[in-house]
Amino acid sequence: MNRPALRGLYAITDARLSPGDRLLDAVAAALRGGASWIQYRDKGTDAARRLAEARALVELCHAHGAGLIVNDDVELATACGGDGVHIGAEDASLAQARARLGPDAVIGVSCYNRLELATTAAAEGADYVAFGSVFSSPTKPHAVRADLALLRAARERLSLPICAIGGIDAGTAAAVAATGVDLLAVISAVFAATDVAGAAAEIVAAIAQTIGQTGAGQSPPVL
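These figures come from a predicted structure and were not determined experimentally.

Some words on the packing of aromatic side chains
Applying the stated criterion across every chain, the model contains 1 aromatic pair. On the numbers, 5.9 Å between centres and 90° between planes, the contact of Y10 with Y128 is edge-to-face. Taken together, the positions of Y10 in strand β1 (residues 8-12) and Y128 in strand β6 (residues 128-132) put the pair 118 residues apart, joining distant regions of the chain. Residues Y10 and Y128 agree in their burial class; the two are buried.

The structure is reproduced here in structure tokens:
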């Protein structure tokens with residue numbers, strides 16, 4: 001499959017919002033709504049269930065021309081045939097993830113509200129960096145905050161794709177996209193919605209309209 005560009009709506013699953021019996025239907029709805037990337041995020045201990053779900057999601061995403069990233073778990077990303085992994089401060093190092101997954105894998109790195117982490121990750125070969133929480137988030141209410149000014153500063157400094165996460169919804173997506181970030185990662189505003197496809201489509205429309213008006217995210221500067 002030709003992977004989509006690292007831009008647009010990046011919908012992240014939540015086992016509480018979309019438990020196993022509803023996971024595939026919820027993700028399929030997000031994809032119909034225009035999500036270009038899905039992250040499988042599940043902290044459960046049932047390895048067999050997680051592998052089965054991840055493999056099913058890879059097949060579903062690829063059928064829709066979307067990509068599938070696994071949260072935190074390099075071995076699961078390898079076993080399920082996903083497009084890559086997203087790692088945080090307490091996970092495997094970028095070098096370890098790259099060695100295990102290979103040069104073609106997409107590896108994203110959480111940088112919280114620290115530009116220095118992002119510049120290091122870029123130099124070490126990350127495919128994208130993520131900042132957040134941009135707004136108050138029901139998923140991680142105590143997360144550090146990475147405001148819009150930080151996102152704009154990151155865009156000025158970095159050439160690789162930038163992801164914003166935390167409390168983003170249809171009402172705030174335009175302001176976030178206007179900073180020049182490439183990916184808007186969303187959990188609750190998509191998967192807690194009664195109409196998942198409609199919620200995703202609203203965010204996608206807000207991103208598209210903002211980029212059309214401002215050119216945000218089109219031509220990032222050279223690092």
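Structure's up, so let's keep going.
Things to note about helix α1 (residues 20-32)
The end-to-end C-alpha distance of α1 is 19 Å, a good match for the 18 Å that 13 residues give at a rise of 1.5 Å each. Of the positions making up α1, those classed as buried are L23, A26, V27, A28, A29, A30 and L31.

Examining the pairing of strand β3 (residues 67-71)
In terms of burial, β3 is largely enclosed, as 5 of its 5 residues are buried. Where strand β2 (residues 37-40) lies against β3, 4 bridges are found, and the strand directions are parallel. Counterpart to Q39 in the pairing with β3 is I69. At this point the chain moves from β2, through helix α2 (residues 47-63), to the parallel β3, and the crossover so formed is right-handed. Crossover handedness for the path β3 to helix α3 (residues 74-80) to strand β4 (residues 84-87): right-handed.

Rules and cut-offs
- Residues numbered from 1 in each chain as written.
- Predicted model: local features only at pLDDT ≥ 70, side-chain atom pairs only at ≥ 80, totals over all residues.
- Heavy atoms only, no water.
- Phe/Tyr/Trp six-rings, centres within 6.5 Å; stacked < 30°, edge-to-face > 60°.
- Helix = DSSP H or I, 4+ residues; strand = E, 2+ residues; numbered from the N terminus.
- Buried < 20%, exposed > 50% of the residue type's maximum accessible area, 1.4 Å probe, protein only.
- Expected span 1.5 Å × (residues − 1).
- Pairing = 2+ DSSP bridges.
- Right-handed = clockwise from strand over helix to strand, strands pointing away.

Any functional reading would require information beyond the geometric quantities listed.
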